[in-house]
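Tertiary structure, described
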Amino acid sequence: MKKNWYDNLWIVSLIYLLLGFFNILFAWAGLFCFFIPLVVSVAGGGKIYCNRYCGRGQLFALFGGRFGLSRKKNPPKFLKSRWFRYGFLIFFFTMFFLMLWNTWLVFAGARELRQVVKLLWTFKLPWHWAYHAASVKPWVAQFAFGFYSVMLTSTVLGFITMLLFKPRSWCVYCPIGTMTQLICKAKCGKM
Amino acid sequence: MAVFSKSKRKAQVSLRDCVACGCCVKACPMAAIRIVKGVFAEVDATKCVGCGRCVKECPAAVVAIAEVPA
Ligand code: SF4
Ligand code: SF4
Ligand code: SF4
């Protein structure tokens, strides 16, 4: 099969994750892979982002498929059930808004900047070494820490389900994928 | 491919549970699948040779190979 330039976007995803280890402020760039798929779906592009351009999906396909790190088993039924997919979407966004709220608190001066990356919404990993301070406002850094936490957490979850089930199992419950599909469903009245 | 095209085994997608991720599209050697409007995958039965690669790839396990009358 012919390779297209967009088949290499996994490199971008990988670099993104690595950059976060050196300078947390790069986390901001992740907003692109949040908004681009949504805007594309709203604009009538369907799920072309998932189908073609998503580097994260490609990364799982590469590690799970080509590198053979996946058991390639079917996922348990609940994973693809609506309540789980929509439930995870709601949970994900609740946590996302909490993160925005924390950013706001730092912005408003009600709270100090916390130089941690929170993994799986629970484990606080010290991450101060990726913060070179002073040049930016504390809330800008706080958002970066928060957003990177979201990205790293979803990568870890995706990696675990990649190992256990099919390479791109994450795509079954990925909140962005669920949301773009919902937008597409709404657009053609298939709710 | 002439040998395969006689096969009456075709991929079928359970539309209700398809997450439209497109893994099957990438896996299909016959370019027989497309994602319709970002909602579900559709198999073109005239192109499908029933090889089952899409079944192996689908992370939601919603594709199956079924015998269909020729
Ligand atoms: S479902 Fe999520 S991870 Fe998978 S291709 Fe779509 S946006 Fe990327
Ligand atoms: S791989 Fe499975 S879930 Fe994904 S689009 Fe194809 S049939 Fe649907
Ligand atoms: S069974 Fe093979 S030819 Fe048919 S849709 Fe699936 S991958 Fe394509």
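This text gives an overview of the structure that appears in the document. (Residues numbered from 1 in each chain as written. Chains lettered and ligands numbered in written order. Predicted model: local features only at pLDDT ≥ 70, side-chain atom pairs only at ≥ 80, totals over all residues. Heavy atoms only, no water.)

1. Here we look at the overall build of chain B
Put simply, the rule reads: Helix numbers and strand numbers start at the N terminus; a helix is a DSSP run of H or I with at least 4 residues, a strand a run of E with at least 2. Buried means the residue's accessible area, taken with a 1.4 Å probe over protein chains only, is under 20% of the maximum for its type, while exposed means over 50%, and partly exposed covers the values in between. Working definition of accessibility: Shrake-Rupley area with a 1.4 Å probe, residue cover restricted to the visible protein chains.
The secondary structure content of chain B amounts to 3 helices and 4 strands. Along the chain direction, N to C, the helices and strands of chain B fall in the order α-β-α-β-β-α-β. Sorting the 70 residues of chain B into buried and exposed places 44% on the buried side. For chain B, the accessible area works out to roughly 3800 Å², and carbon and sulfur atoms hold 58% of it.

2. Some details on the site of ligand 3
We count it as follows: The criterion for a residue being near a molecule or strand is simple. One of its heavy atoms has to lie within 4 Å of it. Polar here means any residue outside two lists: the nonpolar Ala, Val, Leu, Ile, Met, Phe, Trp, Tyr, Cys and Pro, and the charged Asp, Glu, Lys and Arg; Gly therefore counts as polar.
In the vicinity of ligand 3, 13 residues are found, and the nearest of them are C28, C48, C51, G52 and C54 of chain B. Within the shell around ligand 3, the residues separate by chemical class into 10 nonpolar, 2 polar and 1 charged.

3. Quick look at the side chain of T103 of chain A
Residues and elements named next belong to chain A. Here is the rule: Throughout this description, a polar contact denotes any pair of N or O atoms lying within 3.5 Å of each other; where both atoms belong to protein, one of them has to be capable of donating a hydrogen while the other can accept it, and for residues adjacent in sequence the pair is counted only when both atoms sit in side chains. In what follows, residue pairs with any heavy atoms lying within 4.5 Å of each other are defined as contacts.
Assignment of secondary structure puts T103 in helix α6 (residues 82-107). Residue classification places T103 among the buried positions, given a relative accessible area of 6%. A distance of 3.0 Å separates the side chain of T103 from the backbone oxygen of M99, its partner in a polar contact. Among residues more than four places away in sequence, those in contact with T103 are W139, Q142 and F143.

4. Some details on the environment of L14 of chain A
Looking at the element boundaries, L14 of chain A is found in helix α1 (residues 10-22). In this structure the C-alpha to C-alpha distance between L14 of chain A and L59 of chain A, which are 45 residues apart in sequence, comes to 7.6 Å.

5. Quick word on the environment of N102 of chain A
All names here are of chain A. Structurally, the position occupied by N102 is in helix α6. Once the C-alpha coordinates of N102 and F143 are considered, the two residues, 41 residues apart in sequence, prove to be 8.2 Å apart. Not counting residues within four places of it along the chain, the set of residues in contact with N102 comprises R111 and Q142.

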